[in-house]
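Overview (structure and organization)
Chain residues, written in single-letter form:
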Amino acid sequence: MKTIDRGILSDYDLKKPGNKIIYYLMMVVVLAMVCTMLYPMFVILFNGLKLNTEVNSFPPTFLPSEVHFENYQKAWSYIKLPLFARNTLFIFAGNMVMTVLVVGFASFSLSRMNVPYKKVIQYFFLLTLFIPPTTYIIPNFVNLRDLGLMNSFWALWLPAGANAFFLLLLKSFFDGINMEMFESGRIDGASEPRLFFQIAFPLSVPIFATLAIFVFSSAWNDWYWPSLILSSDDKYPLATAIYKYVINVRRLDLNLRFAILSMITFPPVIVFLIFQKYIVRGLHLGGVKG
Amino acid sequence: MSQPSTVPIRSLDALPKKPPAKWTKHLWGYLFLLPAVVIFFLFLWMPIGKGIVFSFYHIDFVKGDSFVGWENYERVFMDPEVWVSVKNTLYYMVLGVLIGFWVPILFAIAISEMRRFQGFARIAAYLPYVVPFVVLYGLWRWLYDPVGPINALITKVGLDSVLFLTDKAWSMISIVIMETWQSFGSALLIYLAAVLSIPRDWYEAAEIDGAGVWKRIRHITLPAIKNQIVLLFLLQLIATSQGFQTHYALLDGGPNNATLTYALLVVRYAFTRQDYGSASALGVLMFLVLGLLAVIQYRMSNKKEA
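Residues numbered from 1 in each chain as written. Chains lettered and ligands numbered in written order. Predicted model: local features only at pLDDT ≥ 70, side-chain atom pairs only at ≥ 80, totals over all residues.

1. As for the overall build of chain B
- Helix and strand counts for chain B stand at 15 helices and two strands.
- In terms of overall dimensions, chain B is more spread out than a globule: its C-alpha atoms have a radius of gyration of 26 Å, far above the 19 Å expected for 306 residues.
- Overall, the C-alpha framework of chain B stretches about 85 × 70 × 40 Å when taken along its three principal axes.
- The 306 residues of chain B split such that 36% are buried.
- For chain B, the share of sequence-separated contacts (at least 6 apart) that also reach a separation of at least 24 residues comes to 65%. (Helix = DSSP H or I, 4+ residues; strand = E, 2+ residues; numbered from the N terminus. Rg over C-alpha atoms; globule rule 2.2 N^0.38 Å. Buried ≥ 20, exposed ≤ 12 C-beta atoms within 10 Å, placed from the backbone. Contact = placed C-beta atoms within 7 Å.)

Dropping the structure here:
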C-alpha cells in the first residue's frame, strides 16, 4: 500500500474543527465495525473454553471465568474430525484437478488455438451463467441420480469442471499472455499439450492460485449440496458433517459445540491471516476481471 | 472478445512447406475443448433441459415417470405458499439492499481516509468471510438467543428483549443482518480498491475550487466508483433472489413461513413432498421471470445509450 499524503480530506481540512469531528466520528464508526467483526470470533474461541453452565448464563460473560481445555478433548472424541477433514481435502483435490484439466484446457483452446466455430462453443459455455441455480438444482439432483453417481465423490468432482465463471477468468488471463512465446514454441516443434503444461500453466500460476482459493473455500464451506448427494460418514465433507452432527443436534452441550466450531474455524482463519497479502491480491485479480 | 493474435498464426500456416489437412490442424484445439464440452453438457445443459421436460411429468423413482401436461404448473399457481414465498423473496431482496448494500460503500470511503491502521481495518472486515457458514449458524443462534449477548445489551439499555429468530417481524431482518456481517468484507475490498485508485489531484483541485467534504464525496468519489456500485448491486440482487441456505439452516422457513424464500420452496417441493415435477416447474418459472427482467433491463440500458 502506497503512503497517502491526502485522501478526500487534506491535512489542511483536518485542522478545521468541523471536519475534525467528522473524521474522528468516522474513526469511531470504523472502530465499532472492527469490534463487531472481532467479537464473535473471540466468542467462538472463549465459549469453547467455558463450563456449559457459564455459556448458558445470563447475562453472558465474554472471558471465561475458568479455562477448561478438556472441552476440546471431549469435542475431539465426539466427532471424527480427521475423517471429515480428509473427505474435504479429497473433494478439494479432485475439484482442483478437474478445474485445471477441463476448464484450463478449454480456456487455453478458446484463447490461443483459434479453432473454427470458436464463438459458438464459447456461447455454449458462457450462456450457462445466465441461468439461475434455482432452475436446475432439482433436475441436477435427479440427473446425478440417473447417472448413478449418488454417494460418490465423482458427483462433486465431475460437475466441478462445468464452471463458466472460472472459464471466463482463465480465458481472459490467457488472452494476456504474449503470443510470441507460443509461436516460438510451435516453431521449435512443441506439441499443444506441451505448450499448455510448459508455457501457459507456469505463467498462469497466479490465476490458478486464485482459483485454488475459490475452489478450496467452496469445498470447505459447502454443506447443503454435499448433504443431498452424499449419504455416509466416510463421504461427508467437514461442513456437512458439522451441520448434521453439531448444528442440527439439540442434545449437544453448547460449550462442546463451540469447541468443535472453533476447531474448524481457526485453521482457515490462521491460513488467511498468514497469507492475507497474497489472498487479497489474488481475489482482486479474480474480482475485477470477473 | 476480439483476438489480435490471429494474424501470426495464419501467416505461419500459409508457409508453403507442408499444408496440413484441416482436421489435423485443429485436432488438438478440439481435443482440448472436448472434455469441457462433455462436462458442460452432462452437468449443466442436460439438467437444464431435463428441468423443462420434468416440469410436464410426474417423477416417480420407483414406478417411472408419467406425462401430466400442465398439471404441475396449475398446482404451483394454485398453491398459496408459492405467493408467500415470492413475497418473502422480494422482501429479502429489498432488505438486503436497505440493510446491507450501502454498508461496504460507507466503510470503503471511511477506511480509505484512515491515516493509520488501514490494513488492519480491512483484514478485520474481511475476516468473517473466511469463517465457514455452518459455524456462523451455530454462532448466531447463540448471539440471537433470547438470553444471548445482543439481548443482554438491549435489556441493559432499558429496551424490551427481542426474539430475533422466532418473532415473525424480526426473523428475516435477523438473517439479513447476519449475512451482511458475514459478507460485506468482500464487497468492501472491491470498493476500497476503486476508491484508492481515484487520482489525488482531483480532490486537490476540488478543494482549491472550494468544494466541501460532502461535495467531494458526492461529485468525485461516488461517480468514480459508479461502475462497481452498479455491478455489485446487480450481483447482490441476483444472489439474494436465489438465497435459501441460511433460511433453511437457521429456521427452515419458519416461523410460520416468514422466511420461506422461493428457492427454499423449490427445495421443499422436491425433498419434503417428493414432487420433483412441480419443483422443476417452479424452477422454469423463475428462469422465465428473470430472463424477462434481463431483456427489459438490456432494452432500457440500450435505449439510454442511444
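2. Thoughts on the confidence of the model for chain A
- On average, residues of chain A score 86 in pLDDT, and 95% of them reach the 70 mark or higher.
- Within chain A, the element-level pLDDT minimum falls on helix α1 (residues 11-15) of chain A, averaging 77, and the maximum on helix α8 (residues 154-157) of chain A, averaging 93. (pLDDT = per-residue confidence, 0-100.)

3. Section: the packing of helix α14 (residues 238-247) of chain A against helix α7 (residues 133-143) of chain B
- Between α14 of chain A and α7 of chain B, the least distance of the axes is 9 Å, while the angle of their chain directions is 25 degrees. Put simply, α14 of chain A runs roughly parallel to α7 of chain B. Taking contact as the criterion, the partners of A239, I242, Y243, V246 and I247 of chain A in α14 of chain A are, on α7 of chain B, V134, Y137 and G138 of chain B.
- Of the residues contributing to the contact of α14 of chain A with α7 of chain B, the split by class is seven nonpolar, one polar and no charged. (Axes fitted to C-alpha atoms, helices over the stretch in contact; angles between N-to-C directions. Parallel < 35°, antiparallel > 145°, perpendicular 65-115°, else oblique. Nonpolar A, V, L, I, M, F, W, Y, C, P; charged D, E, K, R; others polar.)

4. Some remarks on the nonpolar core
- Counting 139 residues, the largest nonpolar core has I242 and I260 of chain A together with V266 of chain B as its most contacted members.
- Ranked by residue count, the leading element in this core is helix α9 (residues 168-196) of chain B, at 13 residues.
- With sequence-adjacent residues up to four places away left out, I242 of chain A is seen in contact with I247, I260 and I264 of chain A together with V134 of chain B. (Core = buried A, V, L, I, M, F, W, Y, C linked by C-beta atoms within 7 Å.)

5. Quick word on the UniProt feature "transmembrane region" (unreviewed entry) in chain B
All names here are of chain B.
- Within this structure's numbering, the places UniProt gives as "transmembrane region" (unreviewed entry) are residues 27-48, 90-111, 123-143, 169-194, 224-244 and 276-296.
- Taken end to end, residues 90-111 is 100% helix and 0% strand, and its first and last C-alpha atoms sit 32 Å apart.
- This span, residues 276-296, is 100% helix and 0% strand, and a straight line between its end C-alpha atoms measures 30 Å. (UniProt positions renumbered as here; feature names shortened; annotations may be inferred.)

6. With respect to the UniProt feature "domain: ABC transmembrane type-1" (unreviewed entry) in chain B
- The UniProt record annotates "domain: ABC transmembrane type-1" (unreviewed entry) at residues 86-297 of chain B.
- For residues 86-297 of chain B, the end-to-end C-alpha separation is 20 Å, with 76% helix and 0% strand making up the annotated structure.

7. Observations regarding the interface of chain B and chain A
- In this complex, chain B contributes 79 residues to the contact, which on the side of chain A involves 81 residues.
- With 18 residues, the top contributor of residues to the side of chain B that touches chain A is helix α3 (residues 27-54) of chain B.

8. Some details on the domain arrangement of chain A
- As assigned here, chain A comprises domain 1 (11-69) and domain 2 (79-249).
- Of note, the centres of domain 1 of chain A and domain 2 of chain A, computed from C-alpha atoms alone, are 38 Å apart. (Domains from an automatic or database assignment.)

9. Quick notes on unusual backbone geometry
Residue and element names in this part refer to chain A.
- Positive phi outside glycine occurs at N114, with the angle close to 55 degrees.
- Following the sequence through the fold, N114 ends up in the loop between α5 (81-112) and α6 (118-126).
- A positive phi angle is found at N151, which is not glycine, with a value near 55 degrees.
- Locating N151 in the fold gives a position in the loop between α7 (133-146) and α8.

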